[in-house]
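Now for the letters of each chain:
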Amino acid sequence: MKLSNKGRYGVRALFDIAFHNDGRPTQIREIAEREMIPARFLEQIFQDLKKAGLLGAKRGPRGGYHLARPASEITIGDVFRALEGPIVVCPTEDEGPRGAEPCGPDATAAAFKDLAVAIEKAFDDISIADVVQRGEALGLRRGEVERTDYVI
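Residues numbered from 1 in each chain as written. Predicted model: local features only at pLDDT ≥ 70, side-chain atom pairs only at ≥ 80, totals over all residues. Heavy atoms only, no water.

- Looking up the protein in an unreviewed UniProt entry gives the name Rrf2 family transcriptional regulator, with the organism given as Polyangium jinanense.

Dropping the structure here:
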């Protein structure tokens, strides 16, 4: 399973808001600079996250995007579902990308369905607050522009 840049950037951006600004309003250009994410792509991602109720926006000179809920209540699964839709390992005929082969009603289909449930649970077991704690444990410094690779 390969995770898209959109989903990974979404997690990194929410981490950035929680870690560097305690969930308070943060401007896109600051996040884009710290996380090395194209600002225009980040704007698109934030629209989806705002629509899903994970981000809020405040206008004005001290405005920006902020977490709509505490970081402990936003999971990586929430972010990926908001940006990518449901986690699908083995699509049925009406889900998944066009041309994807459904698994059919056999033993492998049941195994893949169990795998999808386990993957979704793993994503839902890690909150943005957990990622912040990992950043602190790694010794990341708040507020600095520093290129970091995150391992989830």
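So, the overall build of the protein
Here comes step 1: Across its full length, the protein carries six helices and two strands.
Here comes step 2: Ordering the α and β elements of the protein from the N terminus gives α-α-α-β-β-α-α-α.
Here comes step 3: Taking all 152 residues of the protein together, the buried fraction comes to 38%.
Here comes step 4: Nonlocal contacts in the protein, meaning residues at least 24 apart in sequence, comprise 65% of its contacts between residues at least 6 apart.
Here comes step 5: For the protein, the accessible surface area stands at approximately 9300 Å², while carbon and sulfur atoms represent 51% of it. (Helix = DSSP H or I, 4+ residues; strand = E, 2+ residues; numbered from the N terminus. Buried < 20%, exposed > 50% of the residue type's maximum accessible area, 1.4 Å probe, protein only. Contact = heavy atoms within 4.5 Å. Areas by Shrake-Rupley, 256 points an atom, 1.4 Å probe, with all protein chains shown as cover.)

Quick notes on helix 4 (residues 76-84)
Here comes step 1: Looking only at helix 4, the buried set comprises Ile76, Gly77, Val79, Phe80 and Leu83. On an axial view of helix 4, the arc spanned by its buried residues comes to 160°, and they lie on one face.
Here comes step 2: In this structure, the buried side of helix 4 is in contact with helix 1 (5-21), helix 3 (39-51), helix 5 (107-124) and helix 6 (128-137).
Here comes step 3: Downstream of helix 4 by a residue or two, Gly85 has a phi angle that is positive, lying close to 90°. (Arc of directions from axis to C-beta.)

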